[in-house]
Amino acid sequence: MEDGERLLPKGFPKLKNDTFLRAARGEETEHTPVWCMRQAGRYLPEFRETRAAQDFFATCQSPKLCCELTLQPLRRFPLDAAIIFSDILVVPQALGMEVVMVPGKGPTFTEPLKEVEDLLKLRQKVDVTAELGYVFQAITLTRHSLEGRVPLIGFSGAPWTLMSYMIEGGGSTTMAKAKSWLYRHPEASHRLLRLLADVVTDYLVGQVAAGAQALQLFESHAGHLGPEQFQDFALPYIRDIAQGVKSKLKEEALPLVPMIIFAKDAHYALRDLAHAGYEVVGLDWTIRPQEARAQIGKDVTLQGNLDPCALYAPKEKIGELVKKMLEGFGTQRYIANLGHGLYPDMSPEHVGAFVEAVHAHSRHINKHR
């Protein structure tokens, strides 16, 4: 299929493996479902080959390439979910900002936000279908191409994380420029966060309309905020997005898909995140499973949280770590994942060992409980 030929978001193949969705909804599963953040990534030789001649954001704008990259890890590993290949920074692009991928540096904004007046340069009303329709086309194509093998996850960055990139102009170890806005320009910060929350809400609803069967919101920079700043500048918008998405899905008679919130390093906010309107709370590797469950309670599914660097260990050790993780979380109301994304130099064989260990050990635990 050429990129110009569009499949319609209907008549999708019947889902054959709904383990991930059942776990997200808190239903019993025969094994613990598993997927990996950045499972479509540079650790796969076929990913590097597909991407070799393409600019990163040009790839993101090609539904055909996004579909191929999304499917590649499914061909290698018995994963229980696929996540669409895209990037969180397509949202700032939709607002009119230019972002380029600089080799060796990463995503870079040519003109980051410096002064409050710069907010006037942003589109105040965003037609997500016009600006981000290529993501919706990729989701629809991929959902058809999966042939019902596993569910397809859509995603977006959360407002604070997007805001921090837009002000820093790229990655940062301190987020000092972005955080200074929160202290110096709180009203303008809220205006920007509200604009982002509204666009993200429409964007996520559009992904469900296109065929996404679950949604993950990435608050990747939560750890740069303290509890008070998180309460003021992150949590309200995380809540509003969950509420807004669910409300619009009902209005548009679209499926009420499970939603996952992943706020990295936000240990101080787990109780709040448990009541923020998400079916699943994702965890990084720096919190013990039992502590997370004690804070979050039994009515929310947990996702995570093996240290990604554990995949550098020998395969036998990976199996031991997975067994310990499963014993900590329990095999129900739980989705196995890493505590962050896969790194480019990881061995595909070790990723496969992780996936297989989750399935084998969770089946064994379920059989003998």
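Residues numbered from 1 in each chain as written. Predicted model: local features only at pLDDT ≥ 70, side-chain atom pairs only at ≥ 80, totals over all residues. Heavy atoms only, no water.

With that out of the way, let us pick up the state of the cysteines. The tally for this structure, following the rule as stated, stands at 0 disulfides. In this structure C66 is a free cysteine whose sulfur lies 5.5 Å from that of C60, the closest cysteine sulfur available. (Disulfide = S-S within 2.5 Å.)

What follows is about the confidence of the model for the chain. For the chain, the average pLDDT comes to 97, and 99% of its residues sit at 70 or higher. Within the chain, strand β2 (residues 99–102) has the poorest average pLDDT of any element, 94, and strand β5 (residues 214–219) the best, 99. (pLDDT = per-residue confidence, 0-100. Helix = DSSP H or I, 4+ residues; strand = E, 2+ residues; numbered from the N terminus.)

Here T161 is to be found in helix α7 (residues 159–168). We classify T161 as buried; its relative accessible area is 0%. (Buried < 20%, exposed > 50% of the residue type's maximum accessible area, 1.4 Å probe, protein only.)

In terms of nonpolar packing, the biggest core is built from 135 residues, with F230, L273 and F354 touching the most fellow members. Considering each element in turn, this core owes the most residues, 13 residues, to helix α9 (residues 186–210). If sequence neighbours within four positions are ignored, F354 has contacts with V34, C36, L306, L311, I318, V322, M325, N337 and L338. (Core = buried A, V, L, I, M, F, W, Y, C linked by side-chain atoms within 4.5 Å. Contact = heavy atoms within 4.5 Å.)

What follows covers α7. Taken across its 10 residues, α7 has 10 buried, putting it largely inside the fold. Among all positions in α7, only P159, W160, T161, L162, M163, S164, Y165, M166, I167 and E168 are buried. Downstream of α7 by one or two residues, G169 has phi in the positive range, about 85°.

This next bit is on the sheet that holds strand β4 (residues 152–157). On the basis of which strands lie adjacent, the open sheet formed by 7 strands has the order β1-β4-β5-β6-β7-β8-β9 and parallel pairing. The open sheet is flanked by β1 (82–83) and β9 (334–338), the only strands paired with a single partner. Here 3 bridges tie strand β7 (residues 280–282) to strand β8 (residues 301–306), and the two strands are oriented parallel to one another. By the bridge assignment, G282 is partnered in β8 with Q303. Relative to strand β6 (residues 259–263), helix α11 (residues 235–251) is tilted by about 165°, and along the sheet it contacts β5 and β6. (Pairing = 2+ DSSP bridges. Axes fitted to C-alpha atoms, helices over the stretch in contact; angles between N-to-C directions.)

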